[in-house]
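Coordinates in review
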Amino acid sequence: MNQFGGDWTDKKIEILVEYAKAYLVIMNKRSYWKLMYFDGFAGTGFIVKENTVDFNITIGAARRIIEIDSPKPFDEYYFVEKNSNKVKQLIQNTKKAYPQKKIYIQEEDCNKKMCDLAVFLKSKKGKYHKILAYIDPCGMQVEWKSIENLKGLPVDMWVLVPTGLGVNRLLKKNGQISDAWIKRLELFLGLSREEIESFFYMKVQNLFNQDMFIKSSDAINKSGQLYKKRLEEVFEFVSKPFELKNSANTIMYHLYLASNNKAAITIANDIVNKYNR
Ligand SMILES: C[S@@+](CC[C@H](N)C(=O)[O-])C[C@H]1O[C@@H](n2cnc3c(N)ncnc32)[C@H](O)[C@@H]1O
């Protein structure tokens, strides 16, 4: 079973499930579409949260979505998980537990499968498909080019962006970011080193006329805004963020819905507002 999470783990799953139910109500009237749920970081189907004295188990997103039958279920479920032990558990918890449902499980990197998804949707076979995607990484595994590939396609995508836990931590205060971290930021944001530096840092000169970088004091919110702007270059509409905060009230992740459908964003914003309160 997966071992991570906090209260916000439950909230992000509730947001996804509420949205999926609203999506299925709308799609129920449009039976010509084949509906696929695509989960890029599927986990095992269950999440274990441990503290020093006990632990509790949350039903993971993959299983929660499979359990929806009303007003209608999805026609197909496509789960991607990179860890082979987790894949074995995922098979038991989804495919074996729901043999009547059309479930595909791939032991792969999500980036590869997002690219395959784009190719499929552009093919003759994929023409009548609509996708609800859930991209729920723990770190900065999603490369920008994987998202860019989805441009113009019938995908509603919830994406969890590690702004506080990822981007902000790699942006060193003094601007002295290692090459490996810069590479990671470039792949994640789809921007060059210069673009990243000029967005997050102010360049000043010290008394000895040497260049110094001063990091923005609001880098977490700025990275959330930047990612939203990037998403708006690929999708027509992007929701307000759901902010996942730790016990010190610091934002760790921003969760967005990106879609080419305005009504989808209205629904998502209502749900996000409720959970941000
Ligand atoms: C936050 S967990 C997902 C939790 C899941 N959405 C749920 O509700 O139970 C992230 C999962 O992604 C897997 N993972 C990490 N890197 C990956 C990658 N590049 N591609 C696919 N899966 C990956 C991890 O093994 C882990 O199970």
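Below: a short report on this structure. Nothing here was measured: the structure is a model prediction, and the numbers come from that model. (Residues numbered from 1 in each chain as written. Predicted model: local features only at pLDDT ≥ 70, side-chain atom pairs only at ≥ 80, totals over all residues. Heavy atoms only, no water.)

1. Re the overall build of the protein chain
Helix and strand content of the protein chain: ten helices and 13 strands. The C-alpha radius of gyration of the protein chain comes to 20 Å, within 12% of the 19 Å expected for a compact globule of 277 residues. In terms of its C-alpha atoms, the protein chain occupies a principal-axis envelope of roughly 70 × 50 × 35 Å. Across the 277 residues that make up the protein chain, the buried fraction comes to 49%. For the protein chain, restricting intrachain contacts to residue pairs at least 6 apart in sequence, the fraction spanning at least 24 positions comes to 72%. (Helix = DSSP H or I, 4+ residues; strand = E, 2+ residues; numbered from the N terminus. Rg over C-alpha atoms; globule rule 2.2 N^0.38 Å. Buried < 20%, exposed > 50% of the residue type's maximum accessible area, 1.4 Å probe, protein only. Contact = heavy atoms within 4.5 Å.)

2. A closer look at the nonpolar core
If you look at soluble globular proteins, the nonpolar side chains tend to sit buried side by side. Formed by 44 residues in total, the largest nonpolar core has its most connected members in Ile-147, Met-157 and Leu-231. The greatest single-element share of this core, amounting to five residues, is contributed by helix H4 (residues 110-122). Judged by nonpolar contacts, the second largest core, of 43 residues, contains Tyr-77, Leu-90, Phe-242 and Ala-264. (Core = buried A, V, L, I, M, F, W, Y, C linked by side-chain atoms within 4.5 Å.)

3. A short note on the environment of Thr-250
By secondary structure assignment, the location of Thr-250 is in the loop between strand S12 (242-245) and strand S13 (251-259). Those residues in contact with Thr-250 that sit more than four places away from it in its chain are Ile-220, Leu-244 and Lys-245.

4. Details of a nonpolar patch on the surface
Residues Met-202, Met-212 and Ile-214 make up a contiguous nonpolar surface patch of about 270 Å² in total accessible area. The exposure class assigned to Ile-214 is partly exposed, which follows from its relative accessible area of 40%. (Patch = residues over 30% accessible without salt bridge, like charges linked within 9 Å, V, L, I, M, F, W, Y side chains within 5 Å. Areas by Shrake-Rupley, 256 points an atom, 1.4 Å probe, with all protein chains shown as cover. Salt bridge = Lys/Arg side-chain N within 4 Å of Asp/Glu carboxyl O.)

5. Section: the pattern of salt bridges
Taken as a whole and assessed by the stated rule, the structure comprises 17 salt bridges. Salt-bridge contacts for Asp-136 lead to Lys-12; the nearest nitrogen and oxygen are separated by 2.7 Å. Of this pair, Asp-136 sits in the loop between strand S7 (129-135) and helix H5 (144-148) while Lys-12 sits in helix H1 (residues 7-27), placing them 124 residues apart in sequence. The class of Asp-136 is buried, set by a relative accessible area of 15%.

6. Description of the environment of Ile-271
On the secondary structure map, Ile-271 appears in helix H10 (residues 262-276). Using a relative accessible area of 6% as the deciding quantity, one classes Ile-271 as buried. Along the chain, Ile-271 and Phe-41 lie 230 residues apart, while their C-alpha atoms are 22 Å from each other. When sequence neighbours within four positions are dropped, the list of residues in contact with Ile-271 reads Ile-15, Glu-18 and Tyr-19.

7. Here we look at the site of the ligand
Taken together, 21 residues surround the ligand, and among them Phe-41, Ala-61, Glu-81, Cys-110 and Asp-136 come closest. In this structure, Asp-109 approaches the ligand through a side-chain N or O atom, which is 3.5 Å from a nitrogen atom. Between a nitrogen atom of the ligand and a main-chain N or O atom of Cys-110, the distance comes to 2.9 Å. For the shell around the ligand, the per-class residue count stands at nine nonpolar, six polar and six charged. (Near = heavy atom within 4 Å. Polar contact = N/O pair within 3.5 Å; in protein donor to acceptor, adjacent residues only side chain to side chain. Nonpolar A, V, L, I, M, F, W, Y, C, P; charged D, E, K, R; others polar.)

8. Here's the deal with the pairing of S12
Of the two faces of S12, only one is covered, namely that formed by Phe-242 and Leu-244; the face formed by Glu-243 and Lys-245 stays uncovered. Looking at chain direction, S12 and S13 are connected through four bridges and run antiparallel. Bridged to Phe-242 within S13 is Leu-255. Taking the residues between adjacent antiparallel strands as the criterion, S12 and S13 are bridged by five residues, where Asn-249 takes a positive phi near 65°. (Pairing = 2+ DSSP bridges.)

9. Topic: the side chain of Ser-223
You can see Ser-223 is positioned in helix H9 (residues 219-232). With a relative accessible area of 2%, Ser-223 lands in the buried category. Leaving out residues up to four positions away in the same chain, Ser-223 has contacts with Thr-163, Val-167 and Phe-200.

10. Topic: helix H7 (residues 179-189)
By the burial criterion, the buried members of H7 are Ile-182, Leu-185, Phe-188 and Leu-189. Buried residues along H7 cover an arc of 130° about the axis, so they all sit on one side. Opposite the buried face of H7, at more than 90 degrees from it, the exposed residues are Asp-179 and Ala-180. Those residues of H7 that are buried lie in contact with H5, strand S8 (155-161), helix H6 (163-170), helix H8 (193-200) and H9. (Arc of directions from axis to C-beta.)

11. Observations regarding the side chain of His-129
One can find His-129 in strand S7. A polar contact is formed between the side chain of His-129 and the side chain of Glu-76, at a distance of 3.3 Å. Dropping the residues within four chain positions of it, His-129 is found in contact with Trp-33, Lys-34, Met-36, Glu-76, Phe-120, Leu-121 and Pro-154.

12. Considerations on the packing of aromatic side chains
Following the criterion strictly, the structure yields 14 aromatic pairs and no others. Ring geometry for Trp-8 against Tyr-253: centres 5.7 Å apart, planes inclined by 55°, an arrangement best described as tilted. With Trp-8 in helix H1 and Tyr-253 in strand S13, the pair connects residues that are 245 residues apart, well separated along the chain. Each member of the pair, Trp-8 as well as Tyr-253, is classed as buried. Considering the side-chain rings of Phe-74 and Tyr-77, the 6.1 Å spacing of their centres and the 65° angle between planes classify their relative orientation as edge-to-face. Cluster of aromatic residues (ring-pair linked, three or more members): Tyr-19, Tyr-23, Tyr-37, Phe-74, Tyr-77, Phe-79 and Trp-158. Lying across the ring of Trp-33, Lys-130 places its NZ or CZ 4.3 Å from the centre. One Lys or Arg, Lys-222, reaches over the ring of Phe-199 and ends 4.6 Å from the middle of that ring. (Phe/Tyr/Trp six-rings, centres within 6.5 Å; stacked < 30°, edge-to-face > 60°. Lys NZ or Arg CZ within 6 Å of the ring centre and 35° of its normal.)

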